[in-house]
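Summary of the model geometry
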Amino acid sequence: MADVPEHDPLEPHSHDPNPEPPSSDPTFTVHAPGGKTITVTVDDLRALPTTDVPGCYIVSTGHGTSGPFTFGGVRLLDLVKHYVSEPWSQTEVISADGFGNRVYREELEEVDPAGPILLAHTVDGEPMTRDQGLVRLIVPSEEDDALRQVKWVERIIVREAGQGATNGM
Ligand SMILES: Nc1nc2c(c(=O)[nH]1)N[C@H]1C(S)=C(S)[C@@H](COP(=O)(O)O)O[C@H]1N2
Ligand SMILES: [Mo]
């Protein structure tokens, strides 16, 4: 896509996982295409409809596979629909330690058989801890070294294709 850099740092790439939460605060921000920024707390997230996705694995060649887990949280599609009214076509989900993923609207609307993409706040029925990644992006279809399972989400930039980098990021 024209607005994505040739070497997109948000596409999955070989990566040494950071074991430590970069901060203790799980609050994150949503950046709408029009420039508006919304602050979202874990309580705000818990107040939205929750989806549970069973049978999720965190597959890492480096340190083995863990799971299966049942992750509970808000579908990323539901979050964007809740907070964004402008046209949009992709999101950038970025952690406080700089790790991140580009997630396209088509991936959110055409749900993979493995399950919908979530912003998880619950694991196996218990509140997720900050050490476990609160708030964590869960991409149930991903089996490539956990390169899309972004822990400690700090900001979600919602973009319309063709829109350049805005919001000062
Ligand atoms: N914020 C953040 N999320 C991340 C990473 C990271 O370095 N920072 N590493 C990824 C990688 S490469 C792996 S293997 C898993 C490790 O997740 P786990 O600690 O739940 O096993 O987190 C993924 N999510
Ligand atoms: Mo990994």
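This structure is a prediction, so every number in the text was calculated from the model and none was measured.

A word on the environment of F71
By the secondary structure assignment, F71 is in strand 4 (residues 64-75). F71 gets classed as buried once you look at its relative accessible area, which sits at 4%. Along the primary structure F71 and P54 are separated by 17 residues, whereas in three dimensions their C-alpha atoms are 6.5 Å apart. Every residue in contact with F71, bar those within four places of it in the chain, is listed here: T51, D52, V53, C56, I58, L118, A120, T122, V123, M128 and I138.

Thoughts on the pairing of strand 7 (residues 118-123)
Successive residues of a regular strand alternate their side chains across the two faces of the sheet. With respect to burial, strand 7 is a largely interior element, six of its six residues being buried. Pairing of strand 4 with strand 7, which is carried by five bridges, proceeds in the antiparallel orientation. Among the inter-strand pairings, R75 is bridged to a residue of strand 7, identified as L118. The pairing of strand 7 with strand 9 (residues 136-138) spans three bridges and is antiparallel. Bridging across to strand 9, L118 finds its partner in I138. With two bridges joining them, strand 7 and strand 8 (residues 126-127) adopt antiparallel strand pairing. Residue pairing across strands places T122 opposite P127, the latter belonging to strand 8.

Some details on the nonpolar core
Core analysis: the biggest nonpolar cluster contains 41 residues, and F28, L76, L79, L119 and L137 have the highest contact counts within it. The element contributing the most residues to this core is helix 2 (residues 76-83), with five residues. Discounting chain neighbours no more than four positions away, the residues touching L119 are F28, L45, G73, V74, L76, L79, V135, R136, L137, V153 and I156.

Notes on the site of ligand 1
Of all residues adjacent to ligand 1, which total 17 residues, the nearest are H15, N18, D97, R136 and K151. Here N18 contributes a backbone N or O atom positioned 2.8 Å from an oxygen atom of ligand 1. In the environment of ligand 1, an oxygen atom lies 2.8 Å from a nitrogen or oxygen atom belonging to the side chain of R136. For ligand 1, the protein covers 88% of the area, taking 530 Å² as the surface of the free molecule. For the shell around ligand 1, a count of residues per class yields seven nonpolar, six polar and four charged.

Focus on the packing of aromatic side chains
For the coordinates displayed, the defined rule picks out one aromatic pair. Look at F69 and F71: their rings are 5.4 Å apart centre to centre, the planes differ by 50°, and that puts the pair in the tilted class. Of the residues examined, F69 reaches a relative accessible area of 22% and is grouped as partly exposed.

What to know about unusual backbone geometry
When glycine is set aside, most residues are seen to have a negative phi, and most peptide bonds are trans. Here G67 and P68 are connected by a cis peptide whose omega angle stands at 5°. Its place among the elements puts P68 in strand 4. L134 connects to V135 through a cis peptide bond whose omega is -10°. Here V135 lies in the loop between strand 8 and strand 9. At D124, a position not held by glycine, the phi torsion is positive, near 50°. One can find D124 in the loop between strand 7 and strand 8. By relative accessible area, which is 44% here, D124 ends up partly exposed. Backbone geometry at A146 places phi at a positive 60°, although glycine is not the residue there. Mapped onto the elements of the fold, A146 is located in the loop between strand 9 and strand 10 (153-159).

Cut-offs and rules
Residues numbered from 1 in each chain as written. Chains lettered and ligands numbered in written order. Predicted model: local features only at pLDDT ≥ 70, side-chain atom pairs only at ≥ 80, totals over all residues. Heavy atoms only, no water. Helix = DSSP H or I, 4+ residues; strand = E, 2+ residues; numbered from the N terminus. Buried < 20%, exposed > 50% of the residue type's maximum accessible area, 1.4 Å probe, protein only. Contact = heavy atoms within 4.5 Å. Pairing = 2+ DSSP bridges. Core = buried A, V, L, I, M, F, W, Y, C linked by side-chain atoms within 4.5 Å. Near = heavy atom within 4 Å. Polar contact = N/O pair within 3.5 Å; in protein donor to acceptor, adjacent residues only side chain to side chain. Areas by Shrake-Rupley, 256 points an atom, 1.4 Å probe, with all protein chains shown as cover. Nonpolar A, V, L, I, M, F, W, Y, C, P; charged D, E, K, R; others polar. Phe/Tyr/Trp six-rings, centres within 6.5 Å; stacked < 30°, edge-to-face > 60°.

Read these as spatial facts, not as claims about activity.
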